[in-house]
Protein chains: 2
Amino acid sequence: MPSDGSTSTSDVRSRLLREATRLFAAKGFEGTSLKDISEAVGIRKPSLLYHFPSKDLLRQSVLEQMLARWNEVLPNLLRAATSGVGQFDAVVEETVGFFVEDPDRARLLVREALDRPAHISRLIGEYVRPWAIIVCNYIRKGQQQGRVHADVDPESYVAQIINLMISSIATFQCVGDVTGPGLSPQQRLSRHIRELCRVAKSSLFLPTAN
Amino acid sequence: MPSDGSTSTSDVRSRLLREATRLFAAKGFEGTSLKDISEAVGIRKPSLLYHFPSKDLLRQSVLEQMLARWNEVLPNLLRAATSGVGQFDAVVEETVGFFVEDPDRARLLVREALDRPAHISRLIGEYVRPWAIIVCNYIRKGQQQGRVHADVDPESYVAQIINLMISSIATFQCVGDVTGPGLSPQQRLSRHIRELCRVAKSSLFLPTAN
DNA sequence: CCTACCGATCGGTAGG
DNA sequence: CCTACCGATCGGTAGG
C-alpha cells in the first residue's frame, strides 16, 4: 500500500535498473558505486544486493534490458527495410530514434565497447550481424542496378554508419558545437540528425537523375 | 648509468605517461589504479606520486601530452587544407593517421567525452573550432561553386566526420567485424579507413562530370 | 527491506 | 626512489 507517495508499488527493481542505467552511462561502471545507485532509489546498499546479487549481474541486467527494448523495435525496422530509397530513410531514422529516445543507450554501448570489446563483438554477432548481412545484400543489388555508388564497400559502410549513429548521439552534448553556440540544444540535435541521415544516404546512393 | 638494461636512462616520467595512457585507454580512469600504472613501469605507487602529485594531475598530463603531439601534426594538416579535392583527401587521411598511429588517443578522447563532457567542449573550442570554421567556409565556397552538395550543413557535417574518424578507430577492434571474420585485422583496418574516407568525400562533393 | 560488519583496495602522506 | 602507514570507500555477507 503506497501511502507515502514516493514508492508507488514494488517496482523497486525497475527503478534500480533505471538509476543504474543513468549512472553507468554518465560515470561508467567503475565510476559508479552500489551506494550511489541504491541511494538514488532511496534504499540501502544491501537491499540492492537482494535484487541483484552482484554488481556485475546488475551491469548485465542493465544491458539485457536495453537489448530487450531493441528487440521490440526491431520488427518495425525490418518491416521498413525491404526496398527503395524512402525505406532506407525509415531504417536510419528508426534506428537513430531508438538512441535519441534515450541517449544513455548509446553511451552504455560505447562504454561497453571500450571496457569489454570481446563482449560487444559477441553482441554484434548476435544482434546486428543477421540484418547487417541483409542490408549488405541490398546494397550489392543496388550496385548492380546502378542505384548505389559502385565503390561502396558494403560491410565497411554498414559498420561505419552504425558506429556513426551510436557514437554521435552518445557524445552529442559535447561534440555537437564545433562552431560555436547560438542554437538551442533541440535545434542542434535536429540539425545533427538531419545531417547524419544525409551523410548516410548521400554516400550510398547515386544522385537521382531528375 | 643503465647497467641492467631495463631502465634506459631516467625517462621514468615518460614511461609512466606511456603506461598511464595505455591503461586509461583500455580500462578507463576509474578502472585503473595508481598501483597498476606504477607496477607496469616497475616502481612503487609512492614513487609515481613523486612524478605526478595526484591521480587527477596524471590524467591531465596524459591528455596534455596527446594534445601537444596533435599540435605538432596540425601545421602539416593546415598546409594541406588550402583547396581542391585531392587536398581534402590529404586532410582526412592525415587526421585519421594520427589516431591510427596510436588508437589509444581515440579511446582516450571518447572516454573523456563521456566522463567529462564539459572538459571536452572546452578542448573543442580551443583545438578544433579555429580550423573547423576554416573548413566550413571552404565548404560554403564549394557550394557556391557547385562542387559541394547544396544540402550539406557545414557545421554538422564537420562535427559528424570528426566524430566518425575518432570513434570508429576507438572502437575498431570490436565493431569492425559486422559481417563476420575472414580477413586479417590489418586488412580490415585498411578497408575500414578507405570506406571512412570515401563516405566523408562522397557525402560532401558532387560527382565529377567525366 | 534493514543494521552491523567484513577484508580488500583505493588515493595519498610521512619520513627517509 | 623506498617502506610503512593513514582514513575512506569499495563490493559483498550475516543475520534478522
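Residues numbered from 1 in each chain as written. Chains lettered and ligands numbered in written order. Predicted model: local features only at pLDDT ≥ 70, side-chain atom pairs only at ≥ 80, totals over all residues. Heavy atoms only, no water.

## Here we look at the relation of the copies chain A and chain B
The transform that puts chain A on chain B rotates by 180° and translates by 0.0 Å along the axis, for an RMSD of 0.0 Å. Taken together, the rotation angle and the small translation identify this as a two-fold axis. Among all residues of chain A, the one whose C-alpha sits closest to the rotation axis is serine 203 of chain A, at a distance of 2.3 Å. Most of the interface of chain A is mirrored in chain B, where 100% of its interface residues again form contacts. (Least-squares fit on C-alpha atoms with pLDDT ≥ 70 in both. Contact = heavy atoms within 4.5 Å.)

## A few points about the environment of valine 92 of chain A
Residue and element names in this part refer to chain A. Relative to the elements of secondary structure, valine 92 occurs in helix H5 (residues 85-101). The sequence separation of valine 92 and isoleucine 193 amounts to 101 residues, and the corresponding C-alpha distance is 10.0 Å. If we ignore the near neighbours within four places in the chain, the residues touching valine 92 are Met165 and Cys197. (Helix = DSSP H or I, 4+ residues; strand = E, 2+ residues; numbered from the N terminus.)

## Re the protein's contact with DNA strand D
Around DNA strand D, 15 residues are found, and the nearest of them are Lys45 and Lys55 of chain A together with Val12, Arg44 and Ser47 of chain B. The sugar-phosphate share of atoms of DNA strand D within 4 Å of the protein amounts to 54%. A distance of 2.6 Å separates a phosphate oxygen of DNA strand D from a polar atom in the backbone of lysine 55 of chain A. When residues of the surface near DNA strand D are traced back to their parent elements, those giving at least two are helix H3 (45-51) of chain A together with helix H3 (45-51) of chain B. The element best represented in the surface near DNA strand D is H3 of chain B, accounting for four residues. Here the surface near DNA strand D is composed, by residue class, of seven nonpolar, five polar and three charged. (Near = heavy atom within 4 Å. Polar contact = N/O pair within 3.5 Å; in protein donor to acceptor, adjacent residues only side chain to side chain. Nonpolar A, V, L, I, M, F, W, Y, C, P; charged D, E, K, R; others polar.)

## A few points about the pattern of salt bridges
Here the structure, examined in full by the defined rule, presents 36 salt bridges over all chains. The shortest N-O distance in the salt bridge between glutamate 101 of chain A and arginine 69 of chain A comes to 3.1 Å. Of this pair, glutamate 101 of chain A sits in helix H5 while arginine 69 of chain A sits in helix H4 (residues 55-80), placing them 32 residues apart in sequence. Using a relative accessible area of 52% as the deciding quantity, one classes glutamate 101 of chain A as exposed. A salt bridge links arginine 59 of chain B to aspartate 56 of chain B, with the nearest nitrogen and oxygen atoms 2.4 Å apart. On the criterion of helical spacing, the pair formed by arginine 59 of chain B and aspartate 56 of chain B is a turn pair, its members being three residues apart in helix H4 (residues 55-80). Taking relative accessible area as the criterion, arginine 59 of chain B reaches 8% and is therefore assigned buried. On the basis of relative accessibility, which here comes to 33%, the residue aspartate 56 of chain B falls in the partly exposed class. The structure contains a network of salt bridges with shared partners spanning Asp56, Arg59, Glu112 and Arg116 of chain A. (Salt bridge = Lys/Arg side-chain N within 4 Å of Asp/Glu carboxyl O. Buried < 20%, exposed > 50% of the residue type's maximum accessible area, 1.4 Å probe, protein only.)

## Some remarks on the domain arrangement of chain A
Residue and element names in this part refer to chain A. Entries for chain A in the domain assignment read domain 1 (1-53) and domain 2 (59-209). Taken over C-alpha atoms, the centre of domain 1 sits 30 Å from the centre of domain 2. Facing eleven residues of domain 1, the contacting portion of domain 2 comprises nine residues. Considering only the side of domain 1, the residues that lose the most area to domain 2 are Thr21, Ala25 and Phe29, jointly responsible for 50% of the buried surface there. (Domains from an automatic or database assignment. Buried area = accessible area lost by both parts, 1.4 Å probe.)

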